Structures are given as C-alpha cells and as structure tokens.
Amino acid sequence: MPDKTGLHAAAAEPFGVYVHWPFCLSKCPYCDFNSHVSAKVDHARWRAALTEELRYFKALAPERTVSSIFFGGGTPSLMEPETVDTVISEIRRLWPWTNQVEISLEANPTSVEAGKFAAFREAGVNRVSLGIQALNDADLKFLGRTHDAAEARRAIGIARDTFERMSFDLIYARPGQTVSAWLKELKEALDLAVDHISLYQLTIEPETPFFARHAKGEIKLPKDDSQAALYEATQEALELAGMPAYEISNHARSGDESRHNLVYWRYHDYAGVGPGAHSRIRTDGADSQVITKAIQTVRAPAIWLDRVSKQGHGIAEDEVVGRTGRLTEMLMMGLRLRDGIEKDRLEQEAGRDLEALFGAGLLSDLEAAGYIEPPHTRLAATLEGRQRLNAVIAALTERLGDEA
C-alpha cells in the first residue's frame, strides 16, 4: 500500500503561506534579498498574479490548515491595502485556517502611515515587523536607510497602537561599535519593544555594495572576539529583560514567538508565492510514495508576472529533496532554535536512532565540548554551540552520507 503517513502528518502540522512583495523605495547597501526599486507598479496586475499562483499551490497542497501568513520583501508596506486584503481573502477561500492565524507584514518606517496601517489591520494583518536597524542617525545613514531615528520611533508608536503584536529589527556589530554603546541602544530598544525583537549581526554579503567597499578596506567590521562579546552581551541583556533568544537572532516573551518563522525552523510545510519565493511541500510522488518538493519561483518580477499570466505559476525550480537533503535542512533550521529538534521527529525522518545516525562518539564529543545539550531527548545546541553553529552542523552532516 502507498505510504501516506507523511501526508497525514503534514495535514496535522502548522502550514505557512509566504507572500513576496519585491519592491522597495531604495536598495540598502548590505541587502542581498530579492528586492527591486521600481517607479511604477501595476497593483491590479500583481493582485491577480499572486492570487493565481496561490491557486496553483492549493492544488499541490490541498489537505492543509493555514496557521500563518507572512508578507515579506522588499517592502510589503508599500502594497496597497486592497492588495493585502485580496491576498488574505484568497488564502482564506482556498484553505481552512487554525483558530489563531498569525498574519504578519514587514514595513519600513518611511512607509508607515497611521491610516494605511489601520487599513492593513482591517484587511486582517495582526502582526507587523518593522525594519528599524538602528536608533541613531549616524548608523542609519551608514546602513543606507532612508529614515531617521525620529521616524523609527514614530513608526514603532503607530505599530504599537494599531496591531495586536509587533516586532522590529536591529543590526549590530557595526563598524566601531562597542559593547557599552550597543547596550545603551539596546536598552532604548527594549523600552520600545512589546513582545518580540530581532537582532542581527552585520554580515557582508556577496554582490552587495558593502561587499565591494569591504574588499577595498573602506568598511571594517569588529574583530571576531569583539563580535563574540557583542553577541554574549546581547543574550545576557535580553535574558534579563524577559525576552530570551528562542532562535539565534530572534527574542520574544514566552508565547510571542513568530509562529510563521517557527514553521520554517521546525521544518514544517509552507507555500511561497511571488518572485523568488521558496516552498517545501510534502506531496504524492510518481510511485505513490510521499515526497518532499523544494520549489522556487523565478526571481525577476517582470519574468515572474509573465510566467504566471501564461501558465498559472512562476516556478523556476521544482526538485525532490532526498532523505539526506531533508535531514540536512532539518539540522540547519532546527539547530538555530534554542529548543533544537525533537529526537523522535529526527529519528523518524532518518529511519534510525541518533546514535546510529551520527555515531555515539560524535554526540559525546560535541557534548563534552559544550556545543550540544544533554540529554539527547532533543538535539539542541548550547549558547556556545549556536555561536559555532556552522561547525556543529558540518560535523553532524558529514555522518549522513549520500542516501537518497
């Protein structure tokens, strides 16, 4: 008989829908996301294309219950509220929802208007994530942001007054930044925060303006020991504030974690629509066995629009993820979480116990080094292990082999 256990599990698990809006007012010099500056956007055409692609994914993943929706980008707060309303309404029409669906929308302070935020709330958005990045004008200018610190504080105030839940991002480990200066800024951020905050170390990504400037020596990041000190100070400050890290860069009060991002980190299924969006969906394979599909749409907005109009979707890549690939992705995502990965789920995916999968010696060595937590009812990295997560994951994935 066909093995349907994977689909039964998928139907009972959280299911997220990601909607990518690729347009920004300007391109930040550190950003390598799929974002574009466009003088004119045909919102009616985009509404039609996004809803068309949603219908394609409904056919691919019919037996799901939506637990979260996330409008990312780009700058989704540049969308017309009518577009957000139409997309949310179409998702509700296509899939059943859980009782408390989280609907998040990313916004930049320059695009925050009280009236527009009220319209987003009316459309169904109940959580907003603001791209603040810094709370002083000098660093905002360095980061290429088009808002100033006063606008950032105003946007946070509007978001707090409008939505049930609110988060914002800050970037640290900026050139010349000291622990004392960062802790002072972080204290203000915590005074402004409600239930969730995301804190990212500045990284230099290829094919960005910062990459070229860094290569020329124009940008010098703090040295490794300084970055480690900044990270450790951040963790301590947030712990004391009652917003511990539930993921490497994300902090929340208990129960206020981003449900949508937990879909990714816990390796549940999700559908992504819009240019450059990714999906992971369990579905029937050609031999009636359950397979996991990795899907990505074409990145260029104009090409994506054209493909959707011609074939109902803008998919560029559609591949089956083998067992080794699934285990690797589960480790890469799950070990970012403070709680790690459930042992039973990892063993079910692997078809063997952890000791047989990785070797008891490796787990003991990682535990003795202080990189993973005992006991192994969950596979979870320690704080020190999360600081060295790439090395920990590399050590584990080396044992997986090339099994399909």
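Everything here concerns the structure above.
Describing the pattern of salt bridges
Move 1: By the definition in use, this model includes 24 salt bridges.
Move 2: Across the pair Arg-47 and Glu-82 runs a salt bridge whose closest N-O atoms are separated by 3.7 Å. In this pair, Arg-47 sits in helix 2 (residues 43–60) while Glu-82 sits in helix 3 (residues 81–94), placing the two residues 35 residues apart along the sequence.
Move 3: One salt bridge connects Glu-90 with Arg-55, and the closest N-O pair in it is separated by 3.0 Å. Of the two residues, Glu-90 is situated in helix 3 and Arg-55 in helix 2; the sequence distance between them amounts to 35 residues.

Considerations on the packing of aromatic side chains
Move 1: For the structure on display, the rule yields 14 aromatic pairs.
Move 2: When the ring of Tyr-18 is compared with that of Phe-70, the centres are 6.3 Å apart and the planes differ by 20°; the resulting orientation is stacked. Linking Tyr-18 in strand 1 (residues 15–21) with Phe-70 in strand 4 (residues 66–73), this pair joins segments that are 52 residues apart in sequence.
Move 3: Classification of Phe-70 by relative accessible area gives buried; the value is 7%.
Move 4: Geometrically, the ring pair formed by Tyr-246 and Trp-265 is edge-to-face, given 6.0 Å between the ring centres and 65° between the ring planes. Taken together, the residues span a long stretch of sequence, with Tyr-246 in strand 9 (residues 245–247) and Trp-265 in helix 10 (residues 259–265) at a distance of 19 residues.

Considerations on the nonpolar core
A general tendency of soluble globular proteins is for nonpolar side chains to be buried together.
Move 1: Core analysis: the largest hydrophobic core is formed by 94 residues, its most contacted members being Phe-71, Phe-117, Leu-130, Phe-168, Phe-358 and Leu-396.
Move 2: The leading source of residues in this core is helix 2, at six residues.
Move 3: Counting residues in each nonpolar core, the second largest holds twelve residues, with Cys-31, Leu-202, Ile-204 and Phe-210 among its members.

What to know about the pairing of strand 12 (residues 278–284)
Every regular strand shows the same layout, with side chains that alternate between the two sheet faces.
Move 1: Within strand 12, five of the seven residues are buried, which leaves it mostly tucked inside the rest of the structure.
Move 2: Looking at chain direction, strand 12 and strand 13 (residues 290–297) are connected through seven bridges and run antiparallel. Of the residues in strand 13, the one forming a bridge with Asp-284 is Val-290.

Description of helix 17 (residues 389–397)
Move 1: Along helix 17, the positions that sit buried rather than exposed are Leu-389, Val-392, Ile-393 and Leu-396. For helix 17, the buried positions fall inside an angular range of 95° around the axis, keeping them on one side. When the buried face of helix 17 is taken as reference, the exposed residues oriented beyond 90 degrees from it are Asn-390 and Ala-391.
Move 2: On its buried face, helix 17 sits against helix 12 (323–334), helix 14 (354–358), helix 15 (360–368), strand 16 (378–379) and helix 16 (383–387).

So, the side chain of Arg-145
Move 1: Tracing the chain through its elements places Arg-145 in the loop between helix 5 (137–142) and helix 6 (149–162).
Move 2: Despite being buried, Arg-145 has no salt bridge partner; Asp-169 is the closest side chain of opposite charge, sitting 7.6 Å away.
Move 3: Here the side chain of Arg-145 touches Tyr-30 through a polar contact of 3.4 Å, side chain to side chain.
Move 4: From its side chain, Arg-145 meets the backbone oxygen of Gly-131 in a polar contact 2.6 Å long.
Move 5: Look past the residues within four positions of Arg-145 in its chain and what remains in contact with it is Cys-28, Tyr-30, Asn-108, Pro-109, Gly-131, Ile-132, Gln-133 and Leu-140.

Focus on the environment of Ala-271
Move 1: Mapped onto the fold, Ala-271 is located in strand 11 (residues 270–273).
Move 2: Separated by 211 residues in the primary sequence, Ala-271 and Leu-60 place their C-alpha atoms 9.4 Å from one another.
Move 3: Discounting residues that sit within four places of it in the chain, Ala-271 has contacts with Phe-15, Gly-16, Val-17, Tyr-18, Phe-57, His-278, Ser-279 and Ile-281.

What about helix 12?
Move 1: When the terminal C-alpha atoms of helix 12 are compared, their 16 Å separation across twelve residues agrees well with the 16 Å that a helix rising 1.5 Å per residue should span.
Move 2: Turning to helix 12, its buried residues number three or more, namely Thr-324, Arg-326, Leu-327, Glu-329, Met-330, Leu-331 and Gly-334.

Considering unusual backbone geometry
Move 1: Gly-73 connects to Gly-74 through a cis peptide bond whose omega is 20°.
Move 2: Along the chain, Gly-74 falls in the loop between strand 4 and helix 3.
Move 3: Phi at Gln-133 is positive, roughly 75°, even though this residue is not glycine.
Move 4: Along the chain, Gln-133 falls in strand 6 (residues 127–133).

Some words on the packing of helix 2 against helix 3
Move 1: The geometry of helix 2 relative to helix 3 is characterised by a closest axis approach of 10 Å and an angle of 15° between their N-to-C directions. It follows from the interaxial angle that helix 2 and helix 3 lie roughly parallel. Two packed elements cross with a definite hand, and for helix 2 against helix 3 that hand is right-handed. For the pair helix 2 and helix 3, the contacting residues are His-43, Arg-47, Leu-50, Thr-51, Leu-54, Arg-55 and Lys-58 in the first and Glu-82, Thr-83, Thr-86, Val-87, Glu-90, Ile-91, Arg-93 and Leu-94 in the second.
Move 2: Taken together, the residues of the contact of helix 2 with helix 3 break down into five nonpolar, four polar and six charged.

Some remarks on the packing of helix 4 (residues 114–123) against helix 6
Move 1: Two elements in contact, helix 4 and helix 6, have axes separated by 10 Å at closest approach and are oriented at 35°. Regarding helix 4 and helix 6, the two cross each other, and that crossing is right-handed. Between helix 4 and helix 6, the contacting residues are Ala-114, Phe-117, Ala-118 and Arg-121 on the first element and Ile-158, Ala-159 and Thr-162 on the second.
Move 2: A class-by-class count of the residues in the contact of helix 4 with helix 6 yields five nonpolar, one polar and one charged.

The rules behind the values
Residues numbered from 1 in each chain as written. Predicted model: local features only at pLDDT ≥ 70, side-chain atom pairs only at ≥ 80, totals over all residues. Heavy atoms only, no water. Salt bridge = Lys/Arg side-chain N within 4 Å of Asp/Glu carboxyl O. Helix = DSSP H or I, 4+ residues; strand = E, 2+ residues; numbered from the N terminus. Phe/Tyr/Trp six-rings, centres within 6.5 Å; stacked < 30°, edge-to-face > 60°. Buried < 20%, exposed > 50% of the residue type's maximum accessible area, 1.4 Å probe, protein only. Core = buried A, V, L, I, M, F, W, Y, C linked by side-chain atoms within 4.5 Å. Pairing = 2+ DSSP bridges. Arc of directions from axis to C-beta. Contact = heavy atoms within 4.5 Å. Lys, Arg positive; Asp, Glu negative; His and termini not counted. Polar contact = N/O pair within 3.5 Å; in protein donor to acceptor, adjacent residues only side chain to side chain. Expected span 1.5 Å × (residues − 1). Axes fitted to C-alpha atoms, helices over the stretch in contact; angles between N-to-C directions. Parallel < 35°, antiparallel > 145°, perpendicular 65-115°, else oblique. Left-handed = near helix turned anticlockwise from the far one by under 90°. Nonpolar A, V, L, I, M, F, W, Y, C, P; charged D, E, K, R; others polar.

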